[in-house]
Every structure is written in structure tokens, then in C-alpha cells.
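Remarks on the overall topology
Listed below, chain by chain, are the residues.
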Amino acid sequence: MYESERIGVVSAEELVRQRGALERTEKMVDKMEQDLKTSQKHINSIKSVFGGLVNYFRSKPAETPSAQNGTLTPQPSGRLKDAINSSKEQEAQYQASHPNLRKLQDSDSIPGGAGSAVSSEAYPRNPHLRACHQRIDSNLDELSVGLGRLKDIALGIQTEIDEQDDILDRLTSKVDKLDVSITSTERKVRQL
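So, how was this worked out
Residues numbered from 1 in each chain as written. Predicted model: local features only at pLDDT ≥ 70, side-chain atom pairs only at ≥ 80, totals over all residues. Heavy atoms only, no water. Helix = DSSP H or I, 4+ residues; strand = E, 2+ residues; numbered from the N terminus. Expected span 1.5 Å × (residues − 1). Polar contact = N/O pair within 3.5 Å; in protein donor to acceptor, adjacent residues only side chain to side chain. Patch = residues over 30% accessible without salt bridge, like charges linked within 9 Å, V, L, I, M, F, W, Y side chains within 5 Å. Areas by Shrake-Rupley, 256 points an atom, 1.4 Å probe, with all protein chains shown as cover. Salt bridge = Lys/Arg side-chain N within 4 Å of Asp/Glu carboxyl O. Lys, Arg positive; Asp, Glu negative; His and termini not counted. Charge placed at Lys NZ, Arg CZ, Asp CG, Glu CD. Core = buried A, V, L, I, M, F, W, Y, C linked by side-chain atoms within 4.5 Å. Buried < 20%, exposed > 50% of the residue type's maximum accessible area, 1.4 Å probe, protein only. Contact = heavy atoms within 4.5 Å. Axes fitted to C-alpha atoms, helices over the stretch in contact; angles between N-to-C directions. Parallel < 35°, antiparallel > 145°, perpendicular 65-115°, else oblique. Left-handed = near helix turned anticlockwise from the far one by under 90°. Nonpolar A, V, L, I, M, F, W, Y, C, P; charged D, E, K, R; others polar.

To continue, consider helix α4 (residues 127–191). Under the 1.5 Å per step criterion, the end-to-end length of α4 is 95 Å for 65 residues, consistent within 8% with the ideal 96 Å. With a side-chain oxygen lying 3.0 Å from the backbone nitrogen of His-128, the N-terminal cap of α4 falls on Asn-126.

Among the surface-exposed residues, Asp-162, Asp-165, Asp-166 and Asp-169 lie close enough to one another that they form a single negatively charged patch. Along the chain, the position of Asp-165 falls in helix α4.

Counting residues in hydrophobic clusters, the biggest one holds nine residues: Val-9, Ala-12, Leu-15, Val-16, Leu-80, Ala-83, Ile-84, Ile-153 and Ile-157. Mapped by element, the contributors of at least two residues to this core are α1 (2–47), α3 (78–97) and α4. The greatest single-element share of this core, amounting to four residues, is contributed by α1. Those residues in contact with Leu-80 that sit more than four places away from it in its chain are Ala-12, Val-16, Ile-153, Gly-156, Ile-157 and Glu-160. Counting residues in hydrophobic clusters, the runner-up holds six residues, among them Leu-22, Val-29, Ile-167 and Leu-178.

Turning our attention to a nonpolar patch on the surface. Among the surface-exposed residues, Met-1, Ile-136, Leu-140, Leu-143 and Leu-147 lie close enough to one another that they form a single nonpolar patch of about 440 Å² accessible area. Mapping Leu-140 onto the fold places it in helix α4.

For the rest of this paragraph, the subject is the pattern of salt bridges. Tallied over the entire structure, the rule returns ten salt bridges. Residue Arg-149 pairs with Glu-5 through a salt bridge whose shortest N-O separation is 2.8 Å. Of this pair, Arg-149 sits in helix α4 while Glu-5 sits in helix α1, and the two are 144 residues apart along the sequence. For Glu-5, a relative accessible area of 5% gives the class buried.

Take the packing of α1 against α4 next. Close contact between α1 and α4 brings their axes to 9 Å; oriented N to C, the two are set at 20 degrees. Relative to α4, the element α1 lies roughly parallel. Between α1 and α4 lies a crossing whose hand is left-handed. For the contact of α1 with α4, a count of residues per class yields 19 nonpolar, eleven polar and twelve charged.

Given below as C-alpha cells:
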């Protein structure tokens, strides 16, 4: 289960990286659209004197402040961010308590205690059998908590994918509009 959680965290971090790439691409497409509008104004002013006068009196487009060359870090969805942080916090604790990773002197101790849902009266009186039952309950508690974290990671990944799907839809429509504008501008340039 630890491996599944680790793979889930790595996948979530990759999705965050991809979100950053999508956001940078969207900003570049917006900049291209703004540059194309400026180019179209210049073409209109070249085509006729009247077009130049109209462009002269038309207000200049508001320039958007540019980011420092894409140095902004992408922000994942809140649910995904919480799931990643929770999983990373539990990683060290998991490695310390994992049966195969415990130190030899810890092999005699019985894990569990506060997290166990069953009272000690429910266990058999035989000390060896009681220890086995307590270990099983403790392992089941750890499994339950781990599955909860895996669920949180999966739901966070689903939320992130849904948000990125919306970004892709917006980006697709912007690129389609930009393609039409570029084709129109090329036609105007050829007519000059």
C-alpha cells in the first residue's frame, strides 16, 4: 500500500507540473492574440489613410502585466494539495512503523494502543494470542488510515484532472479563434 501511495503522490506532483505548463501556454496564447490585434491595426493603417486615422484615435488596448518569465509556481487544487501534504507527513511515520522496516529491538514491542478500536478485554487471555490479535488490529488500523489517504489522493487527482480539462477546453477555443484570426490577417497581408 505504501508503494501505491507513493505512486499516487508522484502522479499528483506530475499533474501539478502539467498544470503549470497549461497555464503558461494559455498566457502565451493570450499574448499572441494581443499581438495579432496590434498587427491587424497596423495592417489597417497601411491599407488606407482612413484606417490609420481610425487607429490613431482608437484607445490603446490595456496591456496585461506579464509574469516574470513564467516563474510563478502552479497551484494545485486544495484537495490535491492537502492529500499530498498528508501523505508526505505520514511517509516517515510509515517507514518507522512498517514491520519490515522496524529495528530489531522494536520487534518485541506491540504496536497499537491509542489507535486501536477494540478494548483489551475483547482479546483472548493467552498472552501470545492476545499479542497476535493486537498486532492484527493495529495493522488493520494502519491499513484503514492508509486507504483513507489513498482515497484522498485519488479524489484530489480527480479534481485536478477536472480543472485541467476545463483549462484545456478554454485553451482549445482560444487557439481556434486565434487560428481564424491568423488566417484572416494572412489574407489581408496578401492583398497589400
